Each structure stands twice: as C-alpha cells, then as structure tokens.
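Examining the three-dimensional arrangement
Listed below, chain by chain, are the residues.
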Amino acid sequence: MAVKNVCVIGLGTMGMGAAKSCIKAGLNTYGADISEKALQTLKDAGAVKVAKSAVEFAGELDAVLILVVNAAQANTVLFGQNRDGVAYALKKGTPVMVSSTMAASDAKAIEGKLLELGLPMLDAPVSGGAVKANVGEMTVMASGLPSTFETLKPLLDAIAGKVYNIGSEIGLGATVKIVHQLLAGVHIAVAAEAMAMAAKAGIPLDTMYDVVTNAAGNSWMFENRMKHVLAGDYTPLSAVDIFVKDLGLVTETAKALHFPIPLASTALSMFTNASNAGYGREDDSAVIKTFAGITLPEKK
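Parameters at a glance
Residues numbered from 1 in each chain as written. Predicted model: local features only at pLDDT ≥ 70, side-chain atom pairs only at ≥ 80, totals over all residues. Heavy atoms only, no water. UniProt positions renumbered as here; feature names shortened; annotations may be inferred. Helix = DSSP H or I, 4+ residues; strand = E, 2+ residues; numbered from the N terminus. Rg over C-alpha atoms; globule rule 2.2 N^0.38 Å. Contact = heavy atoms within 4.5 Å. Areas by Shrake-Rupley, 256 points an atom, 1.4 Å probe, with all protein chains shown as cover. Lys, Arg positive; Asp, Glu negative; His and termini not counted. Charge placed at Lys NZ, Arg CZ, Asp CG, Glu CD. Expected span 1.5 Å × (residues − 1). Buried < 20%, exposed > 50% of the residue type's maximum accessible area, 1.4 Å probe, protein only. Salt bridge = Lys/Arg side-chain N within 4 Å of Asp/Glu carboxyl O. Phe/Tyr/Trp six-rings, centres within 6.5 Å; stacked < 30°, edge-to-face > 60°. Axes fitted to C-alpha atoms, helices over the stretch in contact; angles between N-to-C directions. Parallel < 35°, antiparallel > 145°, perpendicular 65-115°, else oblique. Left-handed = near helix turned anticlockwise from the far one by under 90°. Nonpolar A, V, L, I, M, F, W, Y, C, P; charged D, E, K, R; others polar. Polar contact = N/O pair within 3.5 Å; in protein donor to acceptor, adjacent residues only side chain to side chain.

You'll find the protein chain entered in an unreviewed UniProt entry as L-threonate dehydrogenase, with Candidatus Desulfovibrio intestinipullorum given as the organism. According to the UniProt record, the Function (unreviewed entry) comment for the protein chain reads "Catalyzes oxidation of L-threonate to 2-oxo-tetronate. Can use either NAD(+) or NADP(+) as cosubstrate, with a preference for NAD(+)." Taken from UniProt, the Catalytic activity (unreviewed entry) comment for the protein chain reads in full: "L-threonate + NAD(+) = 2-dehydro-L-erythronate + NADH + H(+)".

Written out as structure tokens, the structure is:
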C-alpha cells in the first residue's frame, strides 16, 4: 500500500511540526486534536481535513501518526471507550505509528489490540523538540517489522532527520526513548542548578550562559533551555509536567530492571517540586524557579 494520505493525531508542538512537515513533503495531510485553534492552524497550513476525531475520515487514510502525550491518551484515541476509537474505523493493514512516550509494556499492549484489528504498529518515539519537528528533522527511535518500516517510509522521510531501527520487537523503541529521557531530564535539572548557583554568586546569567555554551560543560539541553531562563519566557514548549511523567517512566523501568538511578531520581524530585509549586504547565526550564534566594530575568 502506497502511503499518501496521512493523519497526525495530537497537534501539540511536536505533532503540529510533524503535520506541517508532512504537508511540505507533499503528503495529503489530515489532523485531529481537541483544540479548535490547533485544527484551524493546520487547516490554514494546507491540511486536507481536520477534526476533533480522526474517525470522521479514517477510511481515507493510508497511515496514522499518534503524537499525544502518553499511553492513556494513545489508548483513548485509538480504541475509545466503547470501540469508538479511530482504530476500528481504519482500513485493515493501515500502519499506525505510535510516537507517544510510554512504557514498553504499554506499547506491547497497544500492539496486541492493533493486531487484533489487522493493523501493524511501529513503536516509534521521537525527539528533537518543536524546532526539529518544524523542519522535518526529528529523531525517531523505532521498533517494528521491516515491512512496517518500509510502508511508513514516506511518512518517516517527511518528519525525520534520523530514523533508528532498534529491532523488530515492539517495546524496544519505547525503552530507548525512556533511557534518552533520563539524560534529557537530568541535563535540564543540572543546567537549572548551575544557573541558579551562578545567580546566587552574583554572576550575570548571560555571561555564565556564554561561557558554558563555548566550553566543555555545555549540552544541547543547557543551550536550548537556559535561553528561556535568560529571556524570562517560560511559555511551554515542553512543560515541567512532561518530565514529571517521563522521569516517572524512567523510575518504573529502572525498578523493573532492579537498576539504580540516583541522578534521575533527584531530577524527578526537582521537577515534582516545581510542579507542586505551581509551575507544572510552564516550560520545563521553570524548574529553576524552585531555587530560593536568587533573582531571575523577567520577560521584557
């Protein structure tokens, strides 16, 4: 089956970027989201059809990309409450690319339900943020059958700069993403800690930022997220609560493996503290706000 008609379900920062990249690549792009604003934005960008539920046009689709927040949301859009999810309306053989961050066990459970309906799955978490999503250069860490990779190639080519084939077993992609999120969460937390310490010491934060980004202590997360701190702009591109969720998944996975994760555990505590302080829906760089006795830049 040639993939031409694709639907992105979940039009947040990553999903919107992926959908627009599909349009730019010449794919007939559909979108589904509960946000009327997001639907209108995608429609204005050239989408064929948009709706709050992809069930409305499921029969027209050749592939579906799920980019909602978590496993619970993925299950809801796919299967619904009473077999009223999009999976029941898709043509048999339509590949479903599940890119939400979730535990390997959740990915396997979704695969089982999809296979009962004759729908192949690619377990395909993504990374790269809004910037990479908007230019079709996300990193995809995926597992699934070779035939599913091949069928989804037009979609993968449209949204990804790098596609890693982790193996054929569903759940491997999910696990690689969880290990990645361990690093991402710790990097943000330690970046915030370093900048907070600099603020406490009276060092201008723009100077500290310039030094670090031109020295060995730099990381992609420091360079990207601490820009938000310097700007005093905590508009959520990836929210604090996302890392409460993702580092929670890291913890659950480590527990199942009987594996110690002291740094990730501390980072989870920091993000949880930030969420508890009322910053859960702010950008994840807002974790820096939990440090007392410092003055941070304000949005101009």
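Moving on to the overall build of the protein chain. Broken down by element type, the protein chain carries twelve helices and nine strands. What you see for the protein chain is a C-alpha radius of gyration of 20 Å, in line with the 19 Å of a compact globule of 300 residues. Its C-alpha atoms put the protein chain at 60 × 45 × 35 Å along the principal axes. Contacts in the protein chain between residues far apart in sequence, at least 24 positions, make up 66% of those at least 6 positions apart. Summed over its atoms, the accessible surface of the protein chain is roughly 13900 Å², and 56% of this surface lies on carbon and sulfur atoms. Of note, the protein chain has its 25 positive side-chain charges centred 3 Å away from the centre of its 27 negative side-chain charges.

Further remarks concern helix H4 (residues 104-116). Taking 1.5 Å of rise per residue, 13 residues should cover 18 Å, and H4 covers 19 Å from first to last C-alpha, within 8% of that figure. Its buried side turned inward, H4 meets helix H3 (71-79), strand E5 (96-98), strand E6 (121-123) and helix H8 (172-200). Following H4 by one or two positions, Gly-118 adopts a phi angle in the positive range, close to 75°.

The next subject is the side chain of Lys-177. Looking at the element boundaries, Lys-177 is found in helix H8. The buried charged residue Lys-177 lacks any salt bridge, with Asp-246 as its nearest oppositely charged partner at 5.2 Å. Setting aside its immediate chain neighbours within four residues, Lys-177 contacts Thr-101, Pro-125, Val-126 and Met-141.

Moving on to the environment of Lys-162. Examined against the element boundaries, Lys-162 turns out to sit in strand E9 (residues 160-167). In sequence terms Lys-162 and Met-138 are 24 residues apart; their C-alpha atoms lie 6.8 Å from each other. What Lys-162 contacts, discounting residues up to four positions off in sequence, is Met-138, Thr-139 and Val-140.

The subject of this paragraph is the UniProt feature "domain: 3-hydroxyisobutyrate dehydrogenase-like NAD-binding" (unreviewed entry) in the protein chain. Per the UniProt record, the feature "domain: 3-hydroxyisobutyrate dehydrogenase-like NAD-binding" (unreviewed entry) sits at residues 171-290. Along residues 171-290 one finds 72% helix and 0% strand; the C-alpha atoms at either end are 35 Å apart.

Let us now look at the UniProt feature "active site" (unreviewed entry) in the protein chain. UniProt annotation of "active site" (unreviewed entry) refers to Lys-177 when read in the numbering used here. A residue is classified by how much of its surface remains accessible, and Lys-177, at 6% relative accessible area, is buried.

This part covers the packing of aromatic side chains. Within the structure shown, the criterion is met by four aromatic pairs. With a centroid separation of 6.3 Å and an interplanar angle of 75°, the aromatic rings of Phe-79 and Tyr-88 are classed as edge-to-face. For Phe-79, a relative accessible area of 5% puts it in the buried group. Between Phe-243 and Phe-271, the aromatic rings sit 5.4 Å apart at their centres with planes inclined by 20°, giving stacked as the arrangement. Here the residue Phe-243 occupies a position in helix H11 (residues 240-257), and Phe-271 occupies one in helix H12 (residues 262-279), the gap between them amounting to 28 residues. Taken as a pair, Phe-243 and Phe-271 share a single burial class, namely buried.

The interhelical angle for the contact between helix H1 (residues 13-24) and helix H2 (residues 36-45), taken along N-to-C directions, is 20°, at an axis separation of 10 Å. Taken together, H1 and H2 sit at an angle that is classed as roughly parallel. Crossing of H1 over H2 shows right-handed handedness. Packed against H1, whose contacting residues are Met-16, Ala-19, Lys-20 and Ile-23, the element H2 presents Ala-38, Thr-41, Leu-42 and Ala-45 at the interface. Its residues assigned to classes, the contact of H1 with H2 shows six nonpolar, one polar and one charged.

Bringing the environment of Gln-181 into the picture now. Examined against the element boundaries, Gln-181 turns out to sit in helix H8. Between the C-alpha atoms of Gln-181 and Lys-20, which are 161 residues apart in sequence, the distance is 25 Å. A distance of 2.8 Å separates polar atoms of two side chains, one belonging to Gln-181 and the other to Asp-246.

With respect to the helices, strands and loops of the structure, Ile-34 is situated in the loop between strand E2 (28-32) and H2. The sequence separation of Ile-34 and Ile-9 amounts to 25 residues, and the corresponding C-alpha distance is 9.6 Å.

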